[in-house]
Amino acid sequence: MNLDPSPCQSCGACCAHYRVSFYWQEAVQRGLDEGMLVQVSPWQVCFRGTEAKPVRCVNLEGEVGSCVSCRIYEQRTTPCRSVEMGDEKCLQARAAHGMGALE
Ligand code: SF4
Ligand code: SF4
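## As for helix α3 (residues 88-96)
Okay, so step 1: Taken together, the buried positions of α3 are occupied by C90, A93 and R94. Buried residues of α3, viewed axially, fall in a sector of 100 degrees; they line one side. The exposed residues of α3 that point more than 90 degrees off its buried face are E88 and A95.
Okay, so step 2: Positive phi shows up at G98, right after α3, with a value of about 75 degrees.

## Notes on the site of ligand 1
Okay, so step 1: The local shell around ligand 1 consists of C8, C11, G12, A13, C14, V83, M85, C90, R94 and L102.
Okay, so step 2: Residues that form the shell around ligand 1 fall into these classes: eight nonpolar, one polar and one charged.

## Remarks on the nonpolar core
Okay, so step 1: M1, C14, F22, L32, L37 and F47 are the most contacted members of the largest nonpolar core, which has 27 residues in total.
Okay, so step 2: Broken down by secondary-structure element, the contributors of at least two residues to this core are β3 (44-47), β5 (67-70) and α3.

## A look at the packing of aromatic side chains
Okay, so step 1: Across all of its chains, the model carries two aromatic pairs by this definition.
Okay, so step 2: Ring plane angle 55 degrees and centroid distance 6.0 Å describe the contact between Y23 and W24, whose orientation is recorded as tilted.
Okay, so step 3: On the basis of relative accessibility, which here comes to 39%, the residue Y23 falls in the partly exposed class.
Okay, so step 4: Residue W24 is classed as partly exposed on the basis of its relative accessible area of 34%.
Okay, so step 5: For the cation-ring pair, K89 lies above Y18, with the distance from its terminal atom to the ring centre recorded as 4.6 Å.

## A short note on empty space enclosed by the protein
Okay, so step 1: The full count for this structure, using the stated rule, is one cavity of 30 Å³ or more.
Okay, so step 2: Approximately 120 Å³ is the volume found for the largest cavity.
Okay, so step 3: If you go around the largest cavity, you meet 14 residues; those closest to its centre are C8, C11, C14, M85 and C90.

## Overview of the environment of R30
Okay, so step 1: Here R30 is to be found in the loop between α1 (24-29) and β2 (37-39).
Okay, so step 2: In this structure R30 comes out as partly exposed when scored by relative accessible area, which is 27%.
Okay, so step 3: A sequence separation of 47 residues divides R30 from T77, and the C-alpha atoms of the two residues are 7.9 Å apart.
Okay, so step 4: Each residue touching R30, except ones within four places of it in the same chain, is listed here: Q75, R76, T77, T78 and R81.
Okay, so step 5: A polar contact is formed between the side chain of R30 and the backbone oxygen of R76, at a distance of 3.5 Å.

Calculation rules
- Residues numbered from 1 in each chain as written.
- Chains lettered and ligands numbered in written order.
- Predicted model: local features only at pLDDT ≥ 70, side-chain atom pairs only at ≥ 80, totals over all residues.
- Heavy atoms only, no water.
- Buried < 20%, exposed > 50% of the residue type's maximum accessible area, 1.4 Å probe, protein only.
- Helix = DSSP H or I, 4+ residues; strand = E, 2+ residues; numbered from the N terminus.
- Arc of directions from axis to C-beta.
- Near = heavy atom within 4 Å.
- Nonpolar A, V, L, I, M, F, W, Y, C, P; charged D, E, K, R; others polar.
- Core = buried A, V, L, I, M, F, W, Y, C linked by side-chain atoms within 4.5 Å.
- Phe/Tyr/Trp six-rings, centres within 6.5 Å; stacked < 30°, edge-to-face > 60°.
- Lys NZ or Arg CZ within 6 Å of the ring centre and 35° of its normal.
- 1 Å grid on protein atoms, 1.4 Å probe; cavity = no way out; pocket = protein on both sides within 12 Å on 5 of 7 lines; lining within 4 Å.
- Points joined across faces, edges and corners; volume = space filled by probe spheres on them.
- Contact = heavy atoms within 4.5 Å.
- Polar contact = N/O pair within 3.5 Å; in protein donor to acceptor, adjacent residues only side chain to side chain.

The structure is reproduced here in C-alpha cells:
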C-alpha cells in the first residue's frame, strides 16, 4: 500500500491479498512489535493475518475498497513498499476484491 497518491486510501486490496513476508532482521530494524508477526521459516516472518486465507494484514484499518489506512505506515516493510499503484500485483489484488484497473 502506498498512501500517497490517494487512490490507495480507498483500496487496500494488496494488504488483503498477499502474504507479506520479509527477513526477520527487517522487523528488528524497523522496530516492529513481535505481536504483529508470524514466523514462516527460520529466517522469514510475515505480518499476522497474511499467513493464511482469508488474508488481511493486522495493520490494515478500515474497509477494503472503501476507506483504509495502515497503522504502521512509516514502518511498513519492503514488500509493502514494493507494490506500486497500477502495477501487476496491484491490479491482481484489486481484481480479487472486485475492483477494476485504476484510471
Ligand atoms: S492494490 Fe494498488 S491501489 Fe490498492 S492499496 Fe495496493 S497499491 Fe494501492
Ligand atoms: S503493514 Fe500496512 S502497508 Fe503493509 S500490508 Fe500491512 S496494512 Fe498494508
